[in-house]
Every structure is written in structure tokens, then in C-alpha cells.
Amino acid sequence: MTAPLLAISHLGAVSGRGIGVPILRDVSLEIAHGETHGLVGESGAGKSTIAKAVLGILPHGIRLTKGRIELAGRDLLSLDARARRELLGAEVALIPQDPLTALNPGRRIETQLTDGLILWRGQAFKEARRRMLALLEEVQIREPERVMRAYPHELSGGMRQRVLIAAAFGLEPKLVIADEPTTALDVTVQKQILRLIRAMQARHGTGVVFVTHDLGVVAQICDRATLLYMGKVMEQGRVATLLEAPRHPYTQALMAACPRYDRPGQGLEPVPASVFATCRAEIAAFDRAEAGHG
Amino acid sequence: MAEVLLEAQGVVVAYAGQRGAFGRRQPPKPVLHGVDIALERGETIGIVGESGSGKTTLGRGLLGLVPLNAGSIRFDGQEISTLDEAAMRPLRRRMQMIFQDPMSSLNPRRRIGSTLLAPLKLHGIGDHAEVEARVRAVIERVGLPPSVLERYPHELSGGQRQRVGIARAVVLAPDFVLADEIVSGLDVSTQAQVLQLLGELKRDMNLSMAFISHDLSVVRAVCDRVYVLCEGRVVEEGRCEEVFQAPRHAYTRALIDAIPLPVIDPQWLAR
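Residues numbered from 1 in each chain as written. Chains lettered and ligands numbered in written order. Predicted model: local features only at pLDDT ≥ 70, side-chain atom pairs only at ≥ 80, totals over all residues.

Chemist: Is there a simple way to think about the interface of chain A and chain B in this case?
Modeler: By convention, interface size is frequently given as the accessible area that disappears when the constituent parts associate. On the chain B side, the residues contacting the 34 residues of chain A number 29 residues. Elements with a contribution of two residues or more to the side of chain A that touches chain B: helix 8 (187–204), helix 9 (215–221), helix 10 (239–244) and helix 11 (249–257) of chain A. Residue classes in the side of chain A that touches chain B are distributed as 18 nonpolar, 7 polar and 9 charged. (Contact = placed C-beta atoms within 7 Å. Helix = DSSP H or I, 4+ residues; strand = E, 2+ residues; numbered from the N terminus. Nonpolar A, V, L, I, M, F, W, Y, C, P; charged D, E, K, R; others polar.)

Chemist: Explain the domain arrangement of chain A to me, please; I cannot follow it from the model alone.
Modeler: All names here are of chain A. Here chain A is described as being made up of domain 1 (6–245) and domain 2 (246–294). Each of domain 1 and domain 2 has a C-alpha centre, and these two points are 26 Å apart. Contacts between the two partners involve 12 residues from domain 1, matched on the other side by 12 residues from domain 2. Residue assignment for the side of domain 1 that touches domain 2 shows that the elements contributing at least two residues are strand 2 (21–31), strand 9 (224–229), strand 10 (232–238) and helix 10. (Domains from an automatic or database assignment.)

Chemist: How should I be thinking about the sheet that holds strand 7 (residues 176–180) of chain B in this particular structure?
Modeler: Adjacent strands of a sheet form backbone hydrogen bonds with each other and so pair up, either parallel or antiparallel. Residues and elements named next belong to chain B. Taken together, 6 strands build an open sheet; the order of strands is 6-7-8-3-9-10 and the sheet is mixed. Strands at the two margins of the open sheet, each flanked by one partner only, are strand 6 (95–98) and strand 10 (233–239). Across this sheet, the average inter-strand angle for adjacent strands is 15°, counted without regard to direction. Note that strand 3 (residues 44–48) and strand 8 (residues 208–213) share 5 bridges and pair parallel. From the neighbouring strand, Ile45 faces strand 8, where its bridge partner is Ala210. Packed on one face of the sheet, helix 6 (residues 158–170) meets strand 6 and strand 7 and runs near 175° to strand 6. (Pairing = 2+ DSSP bridges. Axes fitted to C-alpha atoms, helices over the stretch in contact; angles between N-to-C directions.)

Chemist: Where do I start with unusual backbone geometry in this structure?
Modeler: Backbone phi values are negative for most residues with the exception of glycine, while trans is the configuration of most peptide bonds. One non-glycine residue, A:His10, adopts positive backbone phi at about 50°. Phi is positive for B:Asp76, close to 50°, though the residue is something other than glycine. With respect to the helices, strands and loops of the structure, B:Asp76 is situated in the loop between strand 4 (70–75) and strand 5 (78–79). Residue B:Asp76 is classed as partly exposed on the basis of its 16 C-beta neighbours within 10 Å. (Buried ≥ 20, exposed ≤ 12 C-beta atoms within 10 Å, placed from the backbone.)

Chemist: What should I look at first to understand the domain arrangement of chain B in this one?
Modeler: Residue and element names in this part refer to chain B. The domain boundaries assigned to chain B delineate domain 1 (1–94 + 176–271) and domain 2 (103–173). Here the C-alpha centre of domain 2 lies 26 Å away from the C-alpha centre of domain 1. Listed by partner, the interface residues are 12 residues for domain 1 and 12 residues for domain 2. Partitioning the side of domain 1 that touches domain 2 into residue classes produces 8 nonpolar, 3 polar and 1 charged.

Chemist: When you look at the sheet that holds strand 2 (residues 29–40) of chain B in this model, what are you seeing that I'm missing?
Modeler: All names here are of chain B. What the 4 strands build is an open sheet, ordered 2-1-4-5; its pairing is antiparallel. With one partner strand each, in any of the chains shown, strand 2 and strand 5 form the two edges of the open sheet. Note: strand 4 against strand 5, 2 bridges, orientation antiparallel. Counterpart to Phe75 in the pairing with strand 5 is Gln78. In this fold helix 1 (residues 55–62) packs onto strand 1 (4–15), strand 2 and strand 4, with an angle of close to 125° to the strand it touches most, strand 1.

Right, dumping it as C-alpha cells:
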């Protein structure tokens, strides 16, 4: 049996000094090769924290307290900084939420897109540029030569996001982490970008962690998903099961809160206070048990 | 037929072109090309479109906040596009706006109570005791505890701030409220609460509302009629149930088809 592509087990994180405030509470999840896994939750649920923990870019003040993160069987947290950087740089890529801040405004696209191949694959600029030109075509950029020569501000939001998708898949990573990659885009552009990520992923056999707050996006692009609330897993499983037969009251309530143009009578029901109370009680019970062990 | 409260006819707005390399102005860039809109009393209309379609400019036009290059805007029978600031003042009390981002629309250095008092003072409504009573009533009406009045914007959550934004808009008991992307930054659970509140206020205060949004599912839930804007033109207009059931324009259909619903639909991505 081969190890899963990504295995996170019993991950805990806190913010602040001393005991700190819990940010992640015993989060476990597994992602198979070529699978898309949704990390879903409202703001503050910890979905981005998980993504950042995998990438080793947790913000200052947040630290892991326990748990393991394994990439294809290799324990990421026990590696020293250099070994970890080499492993992640070659195997994991990020599609960020805001393509404008992720791109350097002072460098042409061609120099930024070729960085990875030159650094991690030891390619020459010309060779790397040829490869990235082909990838720009793959992400359906019509004038790849013009885009290569452009600066980020000369491109539209959708174009910039395509450039970053090409960049992410350029090194043929095993895992791509997409952190709300379509939140800032119009729906029609969002659909094109989702289609692209799906196609690239299928063609390259990549596993994807897809961070989003949108259950609609989860339904259309993810195979499995983890729903979080205050850093704790509320429900996890196949997306079809999660959406069609949600077991946790929080999942059910979020589904009922989603507006649906196809069912105008439904949706937009505020999450009942009792559901939040149930979630908080679960979390309080968990924290008490943790404190007991500590 | 109900009375029309706000009517835009043939509205054209163009923004001045940017200066080129040698200081010469480029020709003005038209943003709205002759838009017609009518809002009946007590009705909610949706204005939808993608970024750059001109929906925010149209909203500002409806409030008399951008100069028109052509066309007219009538509020309660009165042409407002030619009014000066002084003549507009009494009408401003009756036309209010809820902003997209309450963090940037609320003054960070004022307590919420002071922010809510300001419009009442500006319009010279009531004596001190009366004004305070009104502010207390409105903060309670939007579902916030009175202690919020002592707080600063940064001390509130996103949902609470948007409730304050709504309170600020309705404290003057306006006839017309423009809501520009007011839930786009909120979580779904908060979004549902804010929209429910807006529905109640609309009913209780008989508000007429223009609801600008890129989210067609929200528009379907909140609005009676919808205008679809594409590159500065209304390409489709009609009752929500009709437009969503059988969109006539290809652009409307594309917008609707692009909404990911939380249902398993293996064909959706390819469609």
C-alpha cells in the first residue's frame, strides 16, 4: 500500500504566547494522489491556517502544538528548514487568492514564470521560457507571447490568475494548494478558472487542496471535503454525501443559509443560534479534554 | 399600477479620459450608454452585471452623485440631475445608501453612536433627547445591543458593522435605499442574517430599494425585478421569476449558468 499524497494527523495550532488561543483543534485529513479536497468554513475556521501549515508559511504568532504532516510518507515537520524547502519547492505549489500581490509588479511575467524551473529544475532561461509558453497556451491564454512580455498590471484579474495557475503547474508538482483562488473574480471568470484547474489537475495527475468558503464551488470541483468551525473538523467525507446527506447540524444549517436561484423559496435561512451553541459546546468539551491530558 | 418613485431615462455617463504621455487627454470613456430604469414605491430592484458593467456608476447616478452627460433622473417627480447641492439637501434625507465595506465607510475615530447621530443633526431633526431616542431605537431595530453605541468600528465583527451601516442608512427614515454589494464580504451565515434584517426593514418602513450585486442567487432571493447590465447597457429587464426561469439574453443565461450551486452536477463544469 502506498502512502497517501498528503496526510495530516491530529494537527493542533495556537495563536499567541504561553498556552495561547487554539486555532486548529486536532485536525486530521488525507488526500490521495490526483484527488481534490475542499477545506471549507467561514472566516476564522482555520482553513487557510491548515494550508499555510503544510506550506510552512504560518504567520508570526501562530505555532503548531502537535500533530504530523506527511507528504507522500515524508514527515514535513521533522525536516530542517532547508530540506523542507527543497521538498516543498519541488513538490508543492500554491495558487494564491490575490494574484496581484503574488506577482512582483516590477518584473515581466516571463522572468517570474521561469524562476521555478531555473531554480528547482536547473533549466536555462530559454528552455524554461519555452516550457512556460506551452503552459500559458494550456491555460488558454490567447496571446502567450504578449503576456510573457507584459507586467502584472497590464493584465486583467482573470489573466493574472491564469498566469499563476500556469506557474503552479509548471514544475509538475504532486500537490497544488489553491487558497480561495476565485473569490475575487466574476462568476463567469470563476467558472473558467475552475474548469482550468480541474483540467490541469486531471492531465497532470495532481492532488489539490482547495480552500474556499463557497459550498457551490466545493460541489463542482472537489471529490472530498472537510468542513471546519473554529479550527475543528465538523464533518468530513465525500462531497456527494456531505451535500446530499449532511449529518452535522452545522453542515445542514450552512446548506440552508446558501441562497439558491433555482429554489427561491429556500436558502438564506440564518444559522440558528442553537446550531452555533452545539458547535461551541463540542469545542468546549474538546478543549476541556485537551486540558485534562495536558 | 403602483406609483413610480425613482426613474432614470436615457442616462449616459462618461468619465474623463486619462492623460496620455504628452499631457493630452484621451477622449471621455463612456460607462453608461443610455440606461432606463424605473423603481416603484415599495419595490426592490436588482442591478446585476460583472465588474466594469457600470452598475456602481448607475447606482451613484440614481443618488445624484455623478454628473450625467445625457438623460434624466426623477425622484418623486422631481428632476434631480440638474439640482445643486443646496437644492439636493432636503432630498438627501429621503435617499440613502448602504455601502459595500462598512470598515471603510464608517469613520474609524468616531464611536458608533456619534456616527448615527451625525445625519440627524445635519438635517436638523428633533432636539437632543429625541435624536438620542431615535438612535437607540434604530440600533435595537437592527438587532444590536445599545452598548454598541459606545464602541468604535474596529471593535465590531463584520456582520455587526454591516448592521451599523444599515442603521445609519435607515435612521433618517428614507424612502429610497441603494445597497451596493452589501453582503459580498460576509460569510453565508452572516449574509443570511443581514438579508433577513433588510427584508424586515423594507417591509416595516415601506422602503424602495435598488440592490446592486454580482451574486444572482442573492438577487433572486431579495428582489422583485432585475436589470441585467452589460458594458453600460441594460440587456435584459423583468420580473425575477421570469428572468431566472427563461432568460432571453445570452449574457443573462451565461451569468446564471456560471453560478455554482451546492448540488452535485457532473456536467456543470463542461457546460
